[in-house]
Amino acid sequence: MRSINSRRLFSGTGLIVTGLAATLVAMIFPIWSYSDRSGTGVDTLNAQTLSTRYGPLSALDREFVTKVRLAGLWELPAGQQAGERGTTQAVKTAGQHLVEGHTFLDERVREVASRLGLQLPNQPNEQQQAWLGTLSAARGEEYDVQFANILRKAHGKVFGLVAQVRASTRNSLVRGLADDANTTVLDHITVLEATGLVDFDALARDAATASPPPLTNSPAPPGPTDSPSPPVPVSPSPASPSPTYTLPPPATSRPPEDDEPKESNEPKKSESSKGGDNGGDKSKDKKS
């Protein structure tokens, strides 16, 4: 009887121990094998990354290069249009910044694409063409408002992509392009907001409800390609070889201290000591 009970107890305990061990293994196995499983972020990165003499070129890098080109294809004409139709000097100034900035960036992106052997688009995408259509149909103050808000919204979205690429890319050419794009996009955001027409509430609502945008079709992998032509139609005024705006210099020293004297922790001299000092002064006068 005792042997039967002992076997039942042992078998029950064994089942519990076996179940706990199986649970532990099930919890550890995914962690141990996660980086090697198909479909993970690392797996996707490795599968879509190409080797170049300037460093690995990821799908996100190629997406970024394409979007820099696309931005110039519609923002250059939009900037020229703002210079002609804008009713305020602030809108005209913003348009001029768009022309100068994207003329510079388009030269840079075509150079980078040529060295990496990437194909670039020569026409804006459907959404960008729709934005140009909306601007072309507007007149007067309505044009100013549409211009400021459409362009500010577009720059806000690409600003996040620039930061992501700059933080993660392993390709030196893409890293340099991201630096130039960051400076240019931030300048454009600033001058668009300086028009005083940007609806920040609408931007916040749009950011809160927006879903991640689908990726543009990745450009062709590196290989011999023809140098892409400049944006069409575009006839910007001659621009300097680099943007006319600069970043503030980095701080090299501590800020100056206040001129006001700081309170001392030393005990104040008594009146008698002051008198002693005066006496000392008199004795000096006598000697002199």
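Quick note: structure is the one above.
The rules we used
Residues numbered from 1 in each chain as written. Predicted model: local features only at pLDDT ≥ 70, side-chain atom pairs only at ≥ 80, totals over all residues. Heavy atoms only, no water. Helix = DSSP H or I, 4+ residues; strand = E, 2+ residues; numbered from the N terminus. Buried < 20%, exposed > 50% of the residue type's maximum accessible area, 1.4 Å probe, protein only. Areas by Shrake-Rupley, 256 points an atom, 1.4 Å probe, with all protein chains shown as cover. Core = buried A, V, L, I, M, F, W, Y, C linked by side-chain atoms within 4.5 Å. 1 Å grid on protein atoms, 1.4 Å probe; cavity = no way out; pocket = protein on both sides within 12 Å on 5 of 7 lines; lining within 4 Å. Points joined across faces, edges and corners; volume = space filled by probe spheres on them. Polar contact = N/O pair within 3.5 Å; in protein donor to acceptor, adjacent residues only side chain to side chain. Axes fitted to C-alpha atoms, helices over the stretch in contact; angles between N-to-C directions. Parallel < 35°, antiparallel > 145°, perpendicular 65-115°, else oblique. Contact = heavy atoms within 4.5 Å. Nonpolar A, V, L, I, M, F, W, Y, C, P; charged D, E, K, R; others polar. Phe/Tyr/Trp six-rings, centres within 6.5 Å; stacked < 30°, edge-to-face > 60°.

When you look at the overall build of the protein in this model, what are you seeing that I'm missing?
In terms of regular secondary structure, the protein is built from nine helices and zero strands. Scanning the protein from its N terminus toward the C terminus, one meets helices and strands in the order α-α-α-α-α-α-α-α-α. Split into buried and exposed, the 288 residues of the protein put 32% on the buried side. Surface accessibility of the protein: about 18700 Å² in total, with carbon and sulfur atoms responsible for 56%.

Got a minute to help me understand the nonpolar core in this structure?
Considering soluble globular proteins, one finds that nonpolar side chains tend to be buried as a cluster. Within the largest apolar cluster, 21 residues are counted, with the highest numbers of intra-cluster contacts made by Phe64, Val65, Leu116, Leu118, Val174 and Leu177. At the level of elements, α3 (59–85), α4 (89–116), α6 (140–168) and α7 (172–193) are the ones that each hand at least two residues to this core. Of all hydrophobic cores here, the second largest spans 17 residues; its members include Ala82, Leu132, Ala154 and Val191.

Where do I start with empty space enclosed by the protein in this structure?
If you roll a probe as big as a water molecule over the atoms, it shows you where there is empty space left. Considering all chains together, one arrives at one cavity of 30 Å³ or more under this definition. Estimated volume of the largest cavity: approximately 80 Å³. Contributing to the lining of the largest cavity are Lys67, Val68, Ala71, Glu75, His102, Leu105, His155, Val158, Val162, Ala181 and Val185. When contributions to the lining of the largest cavity are tallied by element, the ones reaching two or more residues are α3, α4, α6 and α7.

Looking at this model, I keep getting lost on helix α8 (residues 200–209). Mind explaining?
Each turn of an α-helix holds 3.6 residues, which means side chains three or four residues apart point in the same direction. Here α8 lies mainly on the outside; one of its ten residues are buried. With a side-chain oxygen lying 3.2 Å from the backbone nitrogen of Asp201, the N-terminal cap of α8 falls on Asp199.

Help me understand the packing of α4 against α7 in this model?
Two quantities define a packed helix pair, namely the angle between the axes and the distance from one axis to the other. Two numbers describe how α4 lies on α7: the axes approach to 10 Å, and their chain directions differ by 170 degrees. It follows that α4 is roughly antiparallel to α7 by the angle criterion. Taken together, the residues of α7 that come into contact with α4 (itself represented by Ala94, His97, Leu98, Gly101, His102, Phe104, Leu105, Arg108, Val109, Val112, Arg115 and Leu116) are Leu173, Val174, Gly176, Leu177, Asp180, Ala181, Thr184, Asp187, His188, Val191 and Leu192. In the contact of α4 with α7, the residues fall into 13 nonpolar, six polar and four charged.

What's the story with the packing of aromatic side chains in this structure? I'm lost.
The relation between two aromatic rings is expressed through the spacing of the ring centres and the mutual angle of the planes. In total, this model carries two aromatic pairs according to the counting rule given. Taking the centre distance of 4.9 Å and the plane angle of 45 degrees together, the rings of Trp74 and Trp131 count as tilted. Within this pair, whereas Trp74 is found in helix α3, its partner Trp131 is found in helix α5 (residues 126–137), the two being separated by 57 residues in sequence. Assigned by exposure class, Trp74 and Trp131 land together as buried. Ring centres 6.1 Å apart and planes at 15 degrees place the aromatic pair Tyr143 and Phe147 in the stacked group. In this pair, Tyr143 and Phe147 are both assigned in helix α6, four residues apart and thus about one turn of the helix distant. Taking relative accessible area as the criterion, Tyr143 reaches 0% and is therefore assigned buried. The class of Phe147 is buried, set by a relative accessible area of 0%.

Can you walk me through the side chain of Gln81 in this structure?
Its place among the elements puts Gln81 in helix α3. Overall, Gln81 belongs to the buried group, its relative accessible area being 13%. Within the structure, Gln81 has its side chain in polar contact with the side chain of Ser136 (distance 3.3 Å). The residues touching Gln81, leaving out its near neighbours within four places in the chain, are Gly86, Leu135, Ser136 and Tyr143.

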